[in-house]
2 protein chains.
Amino acid sequence: MQQFTDRQIEIMEAATNRISKFGIQNLTIKTLAEDIGLSEPALYRHFKSKNEILWSLLEYFKTEMRNRIQSLPFKTSDSEATKLRAIFNSQLQTFVNKPAIVSVIFAESIFHYEENLSNKVAEIMDMMQDFVKANIKRGQELEQYNNLIGASTLTTIIIGGMRMTVLKWKLSGHKSNLIKDGKAVLEGILKMIEK
Amino acid sequence: MQQFTDRQIEIMEAATNRISKFGIQNLTIKTLAEDIGLSEPALYRHFKSKNEILWSLLEYFKTEMRNRIQSLPFKTSDSEATKLRAIFNSQLQTFVNKPAIVSVIFAESIFHYEENLSNKVAEIMDMMQDFVKANIKRGQELEQYNNLIGASTLTTIIIGGMRMTVLKWKLSGHKSNLIKDGKAVLEGILKMIEK
DNA sequence: CAAGTTAGTTAGCGTTCACTTACAAAAGTA
DNA sequence: TACTTTTGTAAGTGAACGCTAACTAACTTG
């Protein structure tokens, strides 16, 4: 029971790579078809519009992300900080393995003009936010984190700090060390909030 | 000695508003000309290309931002935290007064395909980063801030947290309280680093 | 007041866009 | 083997794009 065919996945990955390398402006049906080695109408055999390609691509990553995070092997003895480290580590590893994804996921504004696309991007952001906020709340209730800052604000700071790190990595042409820099940010924040 | 003519500023502001409301995809010479009530070729009397309109717009804001921050009325008795509050307060106020700017400044990816434009956006980000990093370093040297985290990482966290707050405000359709939320983030971080 | 400049117009250029039509080869199935 | 479905193609559509050519009215200046 697969949600997408092999060809569809091939198209979505080619689209992601195009966007990552040359920006959304350069993603046209023509360039996309050339990347895969097909004609333009062939793409319309697999998706009914360009919009649907982008929507599917976001949906595909959203599902992958939720499954991956939800199946992280947590032990009941793990502290909330340990869990948070695991979540972000998994996320950063995914970005390093497939840097092109970042260009799509972190670009709220590129889909500004297409409501269903910007909604999908917002959904992905919200999901990550919910994971982090739940962690903070449990950590504060269990008194593993201090209560200097409210859970909402703290979530904003953590996600903001991580996003900023990813953005810098992207702007450096993936030459900075994302895993190391991301860890530094998370450990820094944890150092300030762990009891 | 003005860098831009009135008409040029009118065009740049109209462009900013277009991008903010409908995204970069909807900014065409035609829509822009209609917004101002001129014909398309008239725009080419004031800028030699669409690219130059966007570049000028970024340059215009960059200059405004540097002048504004550099002329903040600091007293020698002000603590570094006080200065940092003033910098961000000034920045957030600017965004509230002209929300359209945010769409342009915070959108690294929309100009991905035009090197001179993405460079300008990077310049603006670097400038803000330098202001914050300098503040953190002085604060740590003067022992007003603790040394739990290095200045670079801390700068990433602060800028990241603020950017995230602005992004949320934008995604809420400017309905959240940017000033209040921004203050909460900054005060939260200061609470953790102030000695 | 003649000459030049500034700031605007209408009309249209060549190109690219997402998408469609009509047809053909291959693959699966009876 | 005959029929159907799937997956591909070449050729072309109308609309939209950035930008230009050719022209003009109003102002400025020696």
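Okay, so let's go over this structure. Because the structure is a prediction, the values reported are computed rather than measured. (Residues numbered from 1 in each chain as written. Chains lettered and ligands numbered in written order. Predicted model: local features only at pLDDT ≥ 70, side-chain atom pairs only at ≥ 80, totals over all residues. Heavy atoms only, no water.)

The next thing to look at is the protein's contact with DNA strand C. In the vicinity of DNA strand C, 16 residues are found, and the nearest of them are Lys 50 of chain A together with Arg 7, Ser 39, Arg 45 and His 46 of chain B. Close to the protein, within 4 Å, the atoms of DNA strand C are drawn from sugar and phosphate at a rate of 49%. Take Lys 50 of chain A: an N or O atom from its side chain is 2.6 Å from a phosphate oxygen of DNA strand C. In the environment of DNA strand C, a phosphate oxygen lies 2.6 Å from a nitrogen or oxygen atom belonging to the side chain of His 46 of chain B. When contributions to the surface near DNA strand C are tallied by element, the ones reaching two or more residues are α3 (40–46) of chain A together with α3 (40–46) of chain B. Among the residues making up the surface near DNA strand C, the classes are represented as 7 nonpolar, 4 polar and 5 charged. (Near = heavy atom within 4 Å. Polar contact = N/O pair within 3.5 Å; in protein donor to acceptor, adjacent residues only side chain to side chain. Helix = DSSP H or I, 4+ residues; strand = E, 2+ residues; numbered from the N terminus. Nonpolar A, V, L, I, M, F, W, Y, C, P; charged D, E, K, R; others polar.)

The transform that puts chain A on chain B rotates by 180° and translates by 0.0 Å along the axis, for an RMSD of 0.0 Å. Here the symmetry operator amounts to a two-fold rotation axis. Taking the C-alpha atom as reference, chain A places Gly 160 of chain A closest to the rotation axis, 2.2 Å from it. When the interface residues of chain A are mapped onto chain B, 100% of them are again interface residues, pointing to one common binding face. (Least-squares fit on C-alpha atoms with pLDDT ≥ 70 in both. Contact = heavy atoms within 4.5 Å.)

What follows concerns the protein's contact with DNA strand D. The immediate surroundings of DNA strand D are formed by 16 residues, with Arg 7, Ser 39, Arg 45 and His 46 of chain A together with Lys 50 of chain B found nearest. For DNA strand D, the backbone makes up 46% of the atoms found within 4 Å of the protein, where backbone means sugar plus phosphate. A distance of 2.2 Å separates a phosphate oxygen of DNA strand D from a polar side-chain atom of Arg 7 of chain A. The side chain of Tyr 44 of chain B places a nitrogen or oxygen atom 2.8 Å from a phosphate oxygen of DNA strand D. Breaking the surface near DNA strand D down by element, the ones donating at least two residues are α3 of chain A together with α3 of chain B. For the surface near DNA strand D, the class distribution of residues is 7 nonpolar, 4 polar and 5 charged.

In this complex, chain A contributes 37 residues to the contact, which on the side of chain B involves 37 residues. For the pair chain A and chain B, the summed buried area comes to about 3,200 Å², and 73% of that belongs to carbon and sulfur atoms. Counting across the chain A and chain B interface gives 0 salt bridges. Where chain A touches chain B, the interface holds 6 residue pairs in polar contact (both at pLDDT 80 or more). Elements that contribute at least two residues to the side of chain A that touches chain B include exactly α1 (6–22), α7 (115–141), α8 (151–171) and α9 (178–193) of chain A. Taken together, the residues of the side of chain A that touches chain B break down into 19 nonpolar, 12 polar and 6 charged. (Buried area = accessible area lost by both parts, 1.4 Å probe. Salt bridge = Lys/Arg side-chain N within 4 Å of Asp/Glu carboxyl O.)

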